[in-house]
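# Coordinates in review
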Amino acid sequence: MRKILVVGAGQSGLQLALGLQSHGYEVTLMSNRTADEIRSGRVMSTQCMFHTALQHERDLQLNFWENQAPKIEGLGVSVAGPESQRVIDWVGRLDGYAQSVDQRVKMAGWMEIFAQRGGQLVIHGAAVSDLDYFSRTYDLVLVSAGKGELVSMFGRDASRSPYSEPQRALAVAYVHGLGPRPEHPDYDAVRCNLVPGVGELFVMPTLTNSGRADILFWEGIPGGPLDVFNGVKDPSEHLSLTLELMERFTPWEYARATKVELTDANGTLSGRYAPTVRNPIGRLPGGGLVLGVADVVVANDPITGQGSNSASKCAAAYLASILEHGDKEFDESWMQQTFDRYWDTAQHVTKWTNAMLGVPPEHVLNLIGAAGTLPPVADRFANGFNNPADFENFFYDPEKTGAYLASVAGA
Ligand SMILES: Cc1cc2nc3c(=O)[nH]c(=O)nc-3n(C[C@H](O)[C@H](O)[C@H](O)COP(=O)(O)OP(=O)(O)OC[C@H]3O[C@@H](n4cnc5c(N)ncnc54)[C@H](O)[C@@H]3O)c2cc1C
């Protein structure tokens, strides 16, 4: 049977490793951390995943936490006015629910299952020199190591990477004790709070090690008033800062957050990175080739909550390409075609995410405003998080936006 090495045990690497394993491939998974280290380590993401991405997990019967994780049935948008009041406020209903399972829970669990099913798990932080050796002993080496150092093997694709600097400073806090959303307490929703010129606050339920929790996630424009988490090491100071900023910029969210406590001492995260698309094929010093997966090759800012979704879609596309290729050699042209198949979907995510990082043009402001009075617009916007390709039809081009809003208003 064909031997495949997967380097990096995150959403994409584990989903691929488990998928290939279920089809009888001889898979080695290399991770720089053990399952226990991941489970008890720092939070990594807010990892909200929408229907299509979750369905890829179901297809592989990897949806072990589906019944415990909160079902996110809506997506709400609020826009803050100059007096920190809500000038826009609506909730769109998702056609299929979304879910967030703390990656500490999911990746640790999937890693244990992979090993229990006979997969070879190697705990080792791979270096380029290791890959040089392994590329000779495996039929295919997949690098799914996220935004870690191995990305240096994959050249930046400047034509697909409009930003060379981070566009947001990120600050995440996992909490217990958040009150229900005031407007629709009967179902769970992601809340996207836009503070023009300042940044965004996302609030969403999740399943973590200690059960149901909520995530408070600030995305701050660099150099602005939210860009204050650099160097904050103390988790309680991180939470205090998060809450102070909520009181100042999004008082309607702060009102339900006055009694929150961190889920655990590792329940905070801060950082920043430049959104980057890379060339998918890495060339090793010894001449071998490796194929980059998910964040390694397409890392978008989390403003649109797409990275885990994309990682799931990338893993599903790559799995299909590997299966279809049978016993043929995994050569350069196959690698390029495999990535291109993923890029068919990923390009829409990158385009939309990069657009959301910029200052919204007037027709986008009109669209977001109109969703407050036209529920079908709110629903379509919300469902765009599941299928960002749909934004081509009504988001970028002022004429298409205008025609779409007129058609909904007239209906
Ligand atoms: C603050 C924040 C919020 C986010 N919110 C969302 C969201 O709501 N929805 C969403 O869809 N996405 C979200 N994302 C993005 C999402 O978390 C990532 O895009 C996704 O996890 C990428 O999956 P991956 O498999 O490519 O890499 P990762 O999940 O990063 O996994 C890579 C793994 O490889 C390991 N590794 C690294 N280097 C090596 C090495 N040399 N050898 C061996 N192992 C190595 C790492 O430790 C890690 O376990 C968010 C990201 C951040 C930072």
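The name given to the chain in an unreviewed UniProt entry is Alanine-phosphoribitol ligase, with Streptomyces lannensis as the source organism.

### Describing the overall build of the chain
Check the secondary structure of the chain and you find twelve helices and 17 strands. Taken over C-alpha atoms, the radius of gyration comes to 21 Å for the chain, in line with the 22 Å a tight globule of 411 residues would show. On the principal axes, the C-alpha backbone points of the chain span a range of 60 × 50 × 40 Å. Partitioning the contacts of the chain with sequence separation of at least 6, the portion at a separation of at least 24 is 76%. With an accessible surface of roughly 16,500 Å², the chain has 50% of that area assigned to carbon and sulfur atoms. Counting 33 positive and 47 negative side-chain charges, the chain places the averaged centre of each group 1 Å from the other.

### Things to note about the sheet that holds strand β1 (residues 3-7)
If you trace the six strands from one edge of the open sheet to the other, you get β6-β2-β1-β7-β16-β15, paired in mixed fashion. The sheet terminates laterally at β6 (120-123) and β15 (281-283), the two strands that pair on one side only. Mean inter-strand twist for the sheet, computed between neighbouring axes without regard to direction, equals 25°. Strand direction decides the pairing type here: β1 and strand β7 (residues 140-143), joined by four bridges, are parallel. Its bridge partner being in β7, Val7 is matched across the sheet by Val143.

### Section: the UniProt feature "domain: Styrene monooxygenase StyA putative substrate binding" (unreviewed entry) in the chain
According to UniProt, the feature "domain: Styrene monooxygenase StyA putative substrate binding" (unreviewed entry) maps to residues 146-256 in the numbering used here. With 17% helix and 32% strand, the stretch residues 146-256 has end C-alpha atoms that lie 34 Å from each other.

### Some remarks on the nonpolar core
In terms of nonpolar packing, the biggest core is built from 64 residues, with Leu16, Leu20, Leu131, Leu142, Val143, Tyr318 and Ile322 touching the most fellow members. Top contributing element to this core by residue count: helix α4 (residues 103-116), with seven residues. Excluding residues that lie within four positions of it along the chain, Leu20 makes contacts with Ile4, Tyr25, Val27, Leu142, Leu319 and Ile322.

### Comments concerning helix α5 (residues 128-137)
By the burial criterion, the buried members of α5 are Asp130, Leu131, Asp132, Phe134 and Ser135. Residues of α5 that are buried sit in contact with β1, β2 (26-31) and β7.

### So, the layout of surface pockets
Estimated volume of the second largest pocket: approximately 470 Å³. Secondary-structure elements contributing two or more residues to the lining of the second largest pocket are β9 (188-195), β10 (199-208), α9 (332-357) and α10 (362-370). Ranked by the residues each element gives to the lining of the second largest pocket, the list is headed by α10, at four residues. Residues belonging to the lining of the second largest pocket are distributed by class as follows: 18 nonpolar, four polar and two charged.

### Focus: the side chain of His348
Residue placement: His348 occurs in helix α9. With near-sequence residues (within four places) excluded, His348 lies in contact with Pro388, Ala389, Glu392 and Tyr396.

### Brief notes about the site of the ligand
By nearness alone, 33 residues border the ligand, and Ser12, Asn32, Ser45, Thr46 and Ser308 come closest of all. Within the contact set of the ligand, an oxygen atom lies 2.8 Å away from a side-chain nitrogen or oxygen of Asn32. Interatomic distance of 3.3 Å between a backbone N/O atom of Gln47 and an oxygen atom of the ligand. Relative to its unbound accessible area of 1,000 Å², the ligand is 89% covered by the protein chains. Looking at the shell around the ligand, the elements that each hand over two or more residues are α1 (11-22), β2 and α8 (307-325). With four residues, the top contributor of residues to the shell around the ligand is α8. Here the shell around the ligand is built from residues that sort into 13 nonpolar, 19 polar and one charged.

Quick notes on the rules
Residues numbered from 1 in each chain as written. Predicted model: local features only at pLDDT ≥ 70, side-chain atom pairs only at ≥ 80, totals over all residues. Heavy atoms only, no water. Helix = DSSP H or I, 4+ residues; strand = E, 2+ residues; numbered from the N terminus. Rg over C-alpha atoms; globule rule 2.2 N^0.38 Å. Contact = heavy atoms within 4.5 Å. Areas by Shrake-Rupley, 256 points an atom, 1.4 Å probe, with all protein chains shown as cover. Lys, Arg positive; Asp, Glu negative; His and termini not counted. Charge placed at Lys NZ, Arg CZ, Asp CG, Glu CD. Pairing = 2+ DSSP bridges. Axes fitted to C-alpha atoms, helices over the stretch in contact; angles between N-to-C directions. UniProt positions renumbered as here; feature names shortened; annotations may be inferred. Core = buried A, V, L, I, M, F, W, Y, C linked by side-chain atoms within 4.5 Å. Buried < 20%, exposed > 50% of the residue type's maximum accessible area, 1.4 Å probe, protein only. 1 Å grid on protein atoms, 1.4 Å probe; cavity = no way out; pocket = protein on both sides within 12 Å on 5 of 7 lines; lining within 4 Å. Points joined across faces, edges and corners; volume = space filled by probe spheres on them. Nonpolar A, V, L, I, M, F, W, Y, C, P; charged D, E, K, R; others polar. Near = heavy atom within 4 Å. Polar contact = N/O pair within 3.5 Å; in protein donor to acceptor, adjacent residues only side chain to side chain.

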